[in-house]
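Structural features, examined
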Amino acid sequence: MTAVCYDPLSQAAKDKLFATASYLKADDLALLERACDYAFRAHDGQVRKSGEPYITHPIAVATEVALWRLDAKALAAALMHDVLEDTGVTKAELAAEFDDSIANVVDGLSKLEKLEYASQAEHQAESFRKMVLAMVKDLRVLVIKLADRLHNMRTLDSMRPEKRRRIAKETLEIYAQLANRIGMNPVYRELQDLAFYHLYPNRYQVLERALNKWRKSRRDVVTTVLRAFTTQLVAFNIEGQVKGREKNLYSIFSKMREKQLHFSEVMDIYGFRVIVQSVSDCYRTLGALHTLYKPRPGKIKDYIAIPKSNGYQSLHTTLIGPSGLPLEVQIRTREMDEIAETGMAGHWMYKSQENVRDPASIRTHQWLQNILDLQEDSDNAMEFLEHIKVDLFPSEVYIFTPNGKIMVLPRGATPIDFAYAVHTDIGHHCVGAKVNNALAPLRYQLHTGDTVEIITQENGNPNPAWLSFVVSARARSAIRSRVKNMNRHDAVALGEKLLQKALQSLLPQKLMVSDDIKEKYLIDLQKKNISFEDVLFDVGMGRTLPISIAMRIAELAGEHFDDQVRLNPIKITGNESGSVHLAPCCHPIPGDEIRAVLIQDQGLVIHRDTCPNIVKIAEDATLDADWESISRQRQFHVRLLVSAHDGQGLLATMASSISANQANIESVETPSQKQEGTDGFIEFIFGLQITDREQLEHITRDLMSIPQVRKATRL
Ligand code: MN
């Protein structure tokens with residue numbers, strides 16, 4: 001075979017590829033040379049829309065793949081990724097010339113013959129399905145496809161506007177998400193920005209200008225922060241590197257669109273990254289930076305202890321920087337940084353992909369296995385493509401009814417959202433749920449593919465606590481309006497209960513308040529258009545004292561009673577809505593000693609008996625209260641202050657200890673920056689959802705058994 005003579009443009013591209021691929025061994029470089037020549041010959045004479053020789057495209061794709069340090073076979077396949085589609089070469093020839101694995105990867109990257117399909121959309125869907133199936137067998141297909149798409153997007157300008165928009169939309173919906181799913185963050189961000197540029201050119205330019213202006217005005221602050229960080233690391237004897245980093249335009253744009261913000265209101269445009277030597281240095285850096293600038297409460301995220309599903313690891317925190325500017329900081333080791341930048345590909349660096357068995361690869365394979373399942377559930381390629389989009393865009397979940405009907409719900413949807421989506425009455429009467437045939441909590445977060453069956457009861461009613469976890473607008477508004485109506489019903493029932501208590505405290509035996517007595521009482525009142533229910537409603541709402549009504553009624557019934565009134569404690573279930581409130585100052589939970597106070601137009605407010613707010617109130621204006629021992633659906637909110645010696649994995653250890661007690665963690669805050677030297681105390685405030693005092697005591701005890709923990713107290 002004669003030597004191939006490259007034109008200057010192609011030769012320059014080839015030189016760049018070989019410079020990038022210099023990590024390969026000699027015989028691997030020889031394979032690369034052979035693949036390059038083969039592709040060059042196959043594409044000889046073809047030009048791109050931009051006028052450049054076609055071969056510059058596959059070479060650029062291979063160069064991108066080399067930047068991610070993939071093996072020689074992957075690079076060879078990248079060079080030849082278009083030969084089956086656009087030239088006369090067949091898969092068998094390719095396999096004979098190279099080997100089966102290279103031929104299979106190239107075949108996976110090739111579209112199907114157009115002839116067989118009625119529409120372009122169908123052809124694309126079918127080709128996409130073929131690629132996904134190939135990618136399940138060999139992940140290199142996916143990585144090369146992303147490099148291919150990246151280069152096509154970078155050189156999209158020469159395409160017709162409508163084709164540009166179609167490709168940009170597909171990139172945003174599928175390829176950017178695929179990159180995100182395997183943790184290739186820079187690819188994800190670049191694909192998003194390129195797609196944004198081609199989809200909304202005007203908005204892109206306006207935003208870019210605004211960002212440039214902003215960048216100039218903030219340059220000083222950024223320099224100050226970078227310097228302060230670096231000095232602080234030195235002071236704490238931590239070896240590390242500090243970098244500034246800007247959010248990509250598309251993510252700023254999405255945030256503005258989602259939250260309806262003006263550019264000037266998007267605060268978190270600039271972030272910082274600190275790269276250190278070891279995991280323990282990550283936690284030490286966190287401590288060091290928290291003594292430099294005040295951390296924003298509740299913004300610490302420990303993705304080192306609990307990595308994201310794409311393998312991403314880092315500590316995140318937000319600090320309040322100079323002139324109140326929020327500073328988002330990521331802290332991680334060099335290895336974590338590499339994985340964050342190249343994702344899956346980072347795990348394959350310098351090694352052949354064929355025998356990789358690290359956890360990240362296994363996770364990716366599991367995800368691909370799910371995709372295979374989607375493929376089996378799909379009737380045709382178009383449906384499969386839709387399924388994939390849903391899977392990649394987890395903003396919606398698809399849930400099945402027991403008879404196979406599909407309901408689309410927002411991400412995070414619970415069985416309650418599902419119940420209201422089926423029918424408002426099902427929602428109102430929902431008392432339980434089965435997810436995939438097993439009983440599940442009503443706050444359970446549903447996943448695509450779950451089959452949900454709602455258990456209803458005639459006298460079931462929505463619990464206002466549901467409002468804290470439902471996500472669909474439909475469920476939310478239905479619960480709200482029902483609860484509003486229920487409030488009167490509830491207040492009347494409470495009024496009745498309070499009146500009975502008052503009567504019992506006056507009289508030795510139970511008194512049935514007959515209609516006759518009610519009638520007399522109303523006449524006595526000398527008010528027009530008032531029913532006895534209105535009277536009870538006023539009692540329930542705290543507008544009238546029950547004891548005064550009870551005395552009058554006892555008189556009307558001809559009963560004698562002591563002036564010495566002794567009230568029995570009023571029973572609280574904790575499931576009440578409307579006219580019984582748990583005081584927001586002391587957050588009483590079942591098991592606490594409690595007292596109640598009737599507040600005008602609110603009803604009964606329950607405090608812990610030690611709450612300063614109830615201690616202030618004269619004792620005879622309060623009521624003894626007690627918890628009814630029933631099983632509760634409701635979760636109660638408590639805040640727990642934990643003071644501990646900061647150390648590696650502390651937050652994670654505490655979090656898993658709390659979860660082991662079946663409590664939900666709603667929030668974690670670090671309110672203060674109490675530090676004693678480098679490894680001093682740190683305070684955390686956990687917002688928890690728990691069922692009762694006993695559970696809280698277990699949580700506190702277990703937290704105290706963690707060696708670093710000094711103190712755990714309820715706030
Ligand atoms: Mn291509």
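Every chain is numbered on its own, with residues counted from 1 as its sequence reads. Given that this is a predicted model, residues contribute local features only at a pLDDT of at least 70 and side-chain atom pairs are listed and counted only at 80 or more, while totals for whole chains, interfaces and linings are drawn from all residues. Water and hydrogen atoms play no part in the side-chain values, which are based on all heavy atoms of the structure.

Any two strands with at least two DSSP bridges between them are considered paired. Secondary structure follows DSSP: runs of H or I at least 4 residues long count as helices, runs of E at least 2 residues long count as strands, and numbering of each begins at the N terminus. Overall, antiparallel pairing links the four strands, which are arranged β18-β19-β17-β20 in an open sheet. Among the strands making up the open sheet, the edge pair consists of β18 (664-669) and β20 (709-714). Between one strand axis and the next, the sheet turns by 25° as a mean value, whatever way the strands run. As judged from the 10 bridges shared by strand β17 (residues 636-645) and strand β19 (residues 681-690), these two strands associate in the antiparallel manner. What sits directly across from valine 638, in β19, is leucine 688. The contact criterion used throughout is that any non-hydrogen atoms of two residues lie within 4.5 Å. Between N-to-C directions, angles cover 0 to 180 degrees, with each direction set by a line fitted to C-alpha atoms, over the stretch in contact for helices. Contacts between helix α26 (residues 650-660) and the sheet are confined to β17, β18, β19 and β20, with β19 contributing the most and set at about 25° to the helix. Helix α27 (residues 693-704) rests against β17, β19 and β20 of the sheet, and its axis sits at about 165° to β20.

This paragraph deals with the sheet that holds strand β12 (residues 570-572). Backbone hydrogen bonds are what pair the strands of a sheet, in a parallel or an antiparallel way. Within the open sheet, the five strands sit side by side as β12-β16-β14-β15-β13. Their pairing is mixed. The open sheet is flanked by β12 and β13 (580-582), the only strands paired with a single partner. The sheet shows a mean angle of 40° between the axes of neighbouring strands, direction not considered. Sheet topology note: the β12/strand β16 (residues 622-627) ladder contains three bridges and is parallel. Within β16, the residue paired with isoleucine 570 across the bridge is alanine 625. The sheet strands contacting helix α21 (residues 473-506) are β12, β13, β14 (594-599), β15 (603-608) and β16, and the helix crosses β12 at an angle near 145°.

This part takes up unusual backbone geometry. Phi at arginine 69 is positive, roughly 60°, even though this residue is not glycine. Counting through the fold element by element, arginine 69 comes out in the loop between α3 (56-67) and α4 (72-79). Burial here depends on accessible area, computed with a 1.4 Å probe over protein chains only, as a share of the maximum for the residue type. Under 20% is buried, over 50% is exposed, and the range in between is partly exposed. Classification of arginine 69 as partly exposed rests on a relative accessible area of 25%.

A word on the coordination of the manganese ion. Tetrahedral metal sites with four donors have an ideal angle of 109.5 degrees; octahedral sites with six donors have ideal angles of 90 or 180 degrees. Donor atoms from the polypeptide that coordinate the manganese ion comprise His57 (NE2), His81 (NE2), Asp82 (OD) and Asp148 (OD), at 2.2 to 2.7 Å from the metal. When the donors of the manganese ion are listed by position in the chain, the intervening gaps give H-x23-H-D-x65-D. Placement of histidine 81 in the loop between α4 and α5 (83-86) and of aspartate 148 in helix α9 (residues 140-154) is noted, with a sequence separation of 67 residues between them. Of the residues examined, aspartate 148 reaches a relative accessible area of 7% and is grouped as buried. Each metal site lists N, O and S donors within 2.8 Å (3.2 Å for Na, K and Ca). With water left out of the atoms, a site can look as if it is missing ligands.

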